[in-house]
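This is what each chain is made of:
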Amino acid sequence: MSALSLSSLPSRVKVCEMGPRDGLQNESGVVATTAKIHYIDLLSASGLAVIETTSFVRPSSIPQLADAEEVMAGIERRPGVTYLCLVPNLRGLDRARAAGVRAIAVFTAASDAFTQRNINMTIDESLETFRAVVKAARAEGMWVRGYVSTAFGCPYQGAVPVENVARVANALAEMGVDEISIGDTIGVATPNQVVAVAGALQTQMPVERLAMHFHDTRGTALANVVAALQMNVTIFDSSSGGLGGCPYAPGASGNLATEDLLYMLHGMGIETGVDLARVRDASRFIAGALGRDVVSRAYRALEAAAARV
Ligand code: MG
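Scoring rules and cut-offs
- The numbering scheme is per chain: residues are counted from 1 as the chain's sequence reads.
- Thresholds applied to this predicted model are a pLDDT of at least 70 for local features of residues and 80 or more for the giving and counting of side-chain atom pairs; totals over whole chains, interfaces and linings are not thresholded and use all residues.
- Side-chain numbers here rest on the full set of heavy atoms in the structure, without hydrogens or water.
- All axes here are fitted lines through C-alpha atoms, helices being fitted over the stretch that makes contact, and every angle between N-to-C directions spans 0 to 180 degrees.
- What counts as a helix is a DSSP run of H or I of at least four residues, what counts as a strand is a run of E of at least two, and both are numbered from the N terminus.
- Angular relationships are summarised with four words: roughly parallel below 35 degrees, roughly antiparallel beyond 145, roughly perpendicular across 65 to 115, and oblique for the angles in between.
- For any pair of crossing helices, the crossing counts as left-handed if the nearer helix is rotated counterclockwise from the farther one by less than a right angle, and right-handed if it is rotated clockwise.
- Any pair of residues with heavy atoms lying within 4.5 Å of one another is described as a contacting pair.
- Under the grouping applied here, Gly and all other residues not named as nonpolar or charged are polar, the nonpolar ones being Ala, Val, Leu, Ile, Met, Phe, Trp, Tyr, Cys and Pro and the charged ones Asp, Glu, Lys and Arg.
- Each residue is assigned to one of three classes by its accessible area relative to the maximum for its type, calculated with a 1.4 Å probe on protein chains only: buried under 20%, partly exposed between the two thresholds, exposed over 50%.
- Strand pairing requires that DSSP identify at least two bridges connecting the strands.
- Crossovers are described as right-handed under a simple rule: with the strands pointing away from the observer, the path leading from the first strand over the helix to the second runs clockwise.
- Here the nonpolar core consists of buried residues drawn from Ala, Val, Leu, Ile, Met, Phe, Trp, Tyr and Cys, with membership extended through side-chain atoms lying within 4.5 Å.
- Identification of polar contacts relies on pairs of N or O atoms within 3.5 Å, with a donor-acceptor requirement for protein atoms, meaning one able to donate a hydrogen and the other able to accept it, and with residues adjacent in sequence counted only if both atoms are side-chain atoms.
- Regarding the arc, it is the one traced by the directions from the helix axis to the C-beta atoms.
- Listed donors are limited to N, O and S atoms within 2.8 Å of the metal, widened to 3.2 Å for Na, K and Ca; water is not among them, so incomplete-looking sites are possible.

K.L.:
What is the right way to look at the packing of helix H7 (residues 162-174) against helix H8 (residues 191-202) in this model?
P.N.:
At a minimum axis distance of 10 Å, the contact between H7 and H8 shows a crossing angle of 40°. Comparing the axis directions of H7 and H8 gives the class oblique. The way H7 lies across H8 gives a crossing that is right-handed. Mapping the contact onto sequence places Val162, Val165, Ala166 and Ala169 in H7 and Ala196, Val197, Ala200 and Leu201 in H8. Tallied by class, the residues present in the contact of H7 with H8 amount to eight nonpolar, no polar and no charged.

K.L.:
What am I meant to see in the pairing of strand S4 (residues 103-109) here?
P.N.:
On a regular strand, one side chain projects to one face of the sheet and the next to the other, so that they alternate. With six of seven residues buried, S4 is to be regarded as a mostly interior element. Across three bridges, strand S3 (residues 82-86) lies against S4 in parallel orientation. Residue pairing across strands places leucine 86 opposite alanine 105, the latter belonging to S4. Read from S3 through helix H4 (residues 90-98) to S4, the crossover connection turns out right-handed. Relative to strand S5 (residues 143-149), S4 runs parallel, the two sharing seven bridges. Counted as the bridge partner of threonine 108 is valine 148 from S5.

K.L.:
Mind showing me how you'd approach the packing of helix H6 (residues 123-139) against H7 here?
P.N.:
Axes are the key here: two packed helices are described by the angle between their axes and the distance separating the axes. Contact geometry for H6 and H7: axes closest at 11 Å, N-to-C directions at 10°. Our classification of the angle between H6 and H7 gives roughly parallel. Along this stretch, H6 crosses H7, giving a crossing that reads as right-handed. Together, Ile123, Asp124 and Leu127 of H6 and Arg167, Val168, Ala171 and Leu172 of H7 make up the contact between the two elements. For the contact of H6 with H7, a count of residues per class yields five nonpolar, no polar and two charged.

K.L.:
What should I look at first to understand the nonpolar core in this one?
P.N.:
Generally speaking, soluble globular proteins have nonpolar side chains that are buried together. With 88 residues, the main nonpolar core has Ile182 and Phe236 as its most contacted residues. Setting aside residues no more than four positions away along its own chain, isoleucine 182 makes contact with Val148, Ala151, Phe152, Val165, Ala169, Val197, Leu201, Leu210, Ala211, Met212 and His213. With 10 residues, the next largest nonpolar core counts Cys16, Leu84, Ala103 and Tyr147 among its residues.

K.L.:
Can you help me understand the side chain of arginine 21 in this one?
P.N.:
The topology assignment puts arginine 21 in helix H1 (residues 19-25). Among the polar contacts listed, one links the side chain of arginine 21 to the side chain of glutamate 52, at a separation of 2.8 Å. Excluding residues that lie within four positions of it along the chain, arginine 21 makes contacts with Glu52, Thr53, Thr54, Ser55, Leu65 and Leu86.

K.L.:
Looking at this model, I keep getting lost on H4. Mind explaining?
P.N.:
At 3.6 residues per turn, the α-helix brings residues three or four places apart onto the same side. Listed in full, the buried residues belonging to H4 are Gly92, Leu93, Arg95 and Ala96. For H4, the buried positions fall inside an angular range of 160° around the axis, keeping them on one side. Facing away from the buried surface of H4 by more than 90 degrees, the exposed residues are Arg91 and Ala98. Considering only its buried residues, H4 is in contact with helix H3 (68-74), S4 and H6. The residue sitting at the N-terminus of H4 and contributing the capping side-chain oxygen is asparagine 89; that oxygen lies 3.3 Å from the backbone nitrogen of arginine 91. The first or second residue beyond H4 is glycine 100, which carries a positive phi of 80°.

K.L.:
Mind showing me how you'd approach the side chain of threonine 150 here?
P.N.:
Relative to the assigned elements, threonine 150 resides in the loop between S5 and H7. Residue threonine 150 is classed as buried on the basis of its relative accessible area, which comes to 0%. What threonine 150 contacts, discounting residues up to four positions off in sequence, is Ala109, Ala110, Ser111, Phe114, Pro155, Val160, Gly183 and Thr185.

K.L.:
Explain the coordination of the magnesium ion to me, please; I cannot follow it from the model alone.
P.N.:
As a benchmark, a tetrahedral metal site with four donors has ideal angles of 109.5 degrees, while an octahedral site with six donors has ideal angles of 90 or 180 degrees. Coordination of the magnesium ion by the protein involves Asp22 (OD), His213 (NE2), His215 (NE2) and Asn255 (OD1), with metal-donor separations of 2.1 to 2.3 Å. Along the chain, the residues that donate to the magnesium ion are spaced as D-x190-H-x1-H-x39-N. Both residues of the pair, histidine 213 and histidine 215, belong to the buried class.

Purely spatial values, then, with no claim about function.
Printed below as a string of structure tokens:
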């Protein structure tokens, strides 16, 4: 091993695209259903393996995603792509099932202060709700993802102990959730924290079930990805163009941009199976639909290079 290389990193990474759900949910403008469908179809054509497509929450609670049924009916479902949908309860699961959804996600957090404000439940109440949802979904052969948000810090509580993250992740794993995504909801994580959390979780579950969801609010998202890679994490969430912003820091970046993640991984010789230029095409389209530029730095560099020719 050369002293100048990073030590034994994974050779392949799975990228989970968050733009259509996590991204658009946190945008102030509402995008037309036909535009969302085209955006998702463009993302599907890029080689992304997982696209979080929409959410079956009560339509009145998140107007941006009130068209979940129409979106699922309108997209072209490519073989090999998992179209993941957020489901908050059994009612949402019924709607998802009726819409032909085959992969669902449930959403909780590592801090009670956050779940109380965000979904009006304690962590344990949320786990109780999801136990029934996960059981019913798995009985039908659906693939299930679980989110543990505020794993590196909470906007209401501040620091979040690693043991709390491990407890919630473990509860999800025990109820049969296939993949668990650990989220830095407010973008405060630093690489040493990532190593601590990824290390603690790996004593409880295989690293293959672990995903990391970083936000770039303070510019640490890619450094955190490298730290997670060194801990053998091979699944990362990101959002095309960096869509979504940060609800806790208006005007700041939220989700790590897919283009930035792909640029770095490909430069490091890590395969993703995703075509960066095609993700850029999807971001360019949705930026037009939103009527604003996107924050991804790799996107902007690509666009600038294209404008010079
Ligand atoms: Mg996010």
